[in-house]
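Structural characterization, general
What follows is the residue order along each chain.
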Amino acid sequence: MSVPPHVPWLAHAGQFTNANNATVNIWEFNHTVDPHILSGWARHFREHYCLDHQLADGVAATGMTRADFLRNLKFPNASRPPGPSTRAGDFAEILAADFVQYILGYWCPRLRYLDRFNPDDSTKGCDVVAFLFEGDDHDPDDELFILEIKGALTGRPVNRLQDAINDSMKDGVREATTLNAMRQRLIDGGRRDEANRVGRFQNETDRPFVRKNGAIAVLDNCVFDTAVLQLSDSANHPNAANLDLLVIKGDAMMALVHAIYERAANEA
């Protein structure tokens with residue numbers, strides 16, 4: 001899969017240490033008004049909810065335009081609660097998944113929203129699941145990377161990194177059901193080889209691997225405050241030795257969220 005055009009907008013912007021001296025990396029999302037880049041990103045973004053080659057079948061019985069089908073039946077609502085907060089959360093998860101896949105180099109299947117029943121209801125389970133393969137035959141250095149993502153795109157400074165750390169502690173419970181759901185969706189979509197790649201991580205006793213966790217806060221610059229985020233504490237995380245901490249921040253992020261959803265609908 002080619003790298004989506006918006007990914008180069010992500011640039012490393014420094015780091016700090018938190019309350020237990022763990023390193024937190026900061027990445028800036030330097031988005032601009034570039035129609036070509038925004039259009040490529042909009043397609044990539046849209047296909048998290050409905051694959052383009054399936055869109056005609058989805059629209060066929062509704063009497064709607066493609067744009068209205070996406071706005072009303074696939075995308076979280078732009079104004080009616082909890083739609084806007086679901087939009088912000090989805091956006092944060094998708095941007096984090098893009099970072100993990102295209103900058104860190106993991107395989108990150110995008111299946112989370114394809115069968116969502118209620119567009120305004122956030123999807124349960126682990127937020128982002130990614131995989132790294134070191135060999136062809138269940139190499140014990142293969143990695144399962146499970147990340148918890150929290151967004152804050154409006155308001156005042158808040159420690160969403162701590163919220164991500166806290167919820168990441170629960171991912172051990174959610175891991176098995178999330179992997180099972182991911183594998184089933186791949187099988188249902190006729191993607192058996194990819195389903196087998198996921199299945200490689202479903203029996204740790206017989207097929208050992210490295211488990212990594214991540215906690216990412218996606219923040220508007222008006223919410224970002226290093227002094228607040230430095231108070232985050234990850235010492236009690238059950239996988240603290242293999243826990244990556246990250247902040248992605250940018251300007252006017254909520255306006256960007258609405259703009260990318262609108263473009264994704266209008267250009268379908």
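From a predicted model like this one, the values you see are computed outputs, not experimental measurements.

Observations concerning the packing of helix H2 (residues 52-60) against helix H3 (residues 66-74)
- Between H2 and H3, the least distance of the axes is 10 Å, while the angle of their chain directions is 80°. The pairing of H2 with H3 is recorded here as roughly perpendicular in orientation. Contacts from Leu 55, Ala 56, Gly 58 and Val 59 in H2 reach Arg 66, Phe 69 and Leu 70 in H3.
- Across the contact of H2 with H3, the residue classes break down as five nonpolar, one polar and one charged.

Things to note about the layout of surface pockets
- Of the pockets and cavities examined, the largest pocket occupies roughly 470 Å³.
- Of all the secondary-structure elements, those providing two or more residues to the lining of the largest pocket are helix H4 (83-103), strand E4 (143-152) and helix H5 (160-168).
- The dominant element in the lining of the largest pocket, judged by the number of residues it contributes, is H4, at eight residues.
- Its residues placed into classes, the lining of the largest pocket shows seven nonpolar, eight polar and 10 charged.

Notes on the pattern of salt bridges
- Per the counting criterion, the structure on display carries 24 salt bridges.
- Of the charged contacts, one joins Lys 150 and Asp 167 as a salt bridge, the two residues approaching to 2.7 Å between their closest N and O atoms. Of this pair, Lys 150 sits in strand E4 while Asp 167 sits in helix H5, and the two are 17 residues apart along the sequence.
- Where Lys 170 meets Asp 167, a salt bridge forms, and the shortest distance between an N and an O atom there is 3.2 Å.
- Note on Lys 170: relative accessible area 46%, which makes it partly exposed.
- Where salt bridges share partners, they join Glu 148, Lys 150, Asp 167, Lys 170, Asp 171 and Arg 174 into one cluster.

Rules used throughout
Residues numbered from 1 in each chain as written. Predicted model: local features only at pLDDT ≥ 70, side-chain atom pairs only at ≥ 80, totals over all residues. Heavy atoms only, no water. Axes fitted to C-alpha atoms, helices over the stretch in contact; angles between N-to-C directions. Helix = DSSP H or I, 4+ residues; strand = E, 2+ residues; numbered from the N terminus. Parallel < 35°, antiparallel > 145°, perpendicular 65-115°, else oblique. Contact = heavy atoms within 4.5 Å. Nonpolar A, V, L, I, M, F, W, Y, C, P; charged D, E, K, R; others polar. 1 Å grid on protein atoms, 1.4 Å probe; cavity = no way out; pocket = protein on both sides within 12 Å on 5 of 7 lines; lining within 4 Å. Points joined across faces, edges and corners; volume = space filled by probe spheres on them. Salt bridge = Lys/Arg side-chain N within 4 Å of Asp/Glu carboxyl O. Buried < 20%, exposed > 50% of the residue type's maximum accessible area, 1.4 Å probe, protein only.

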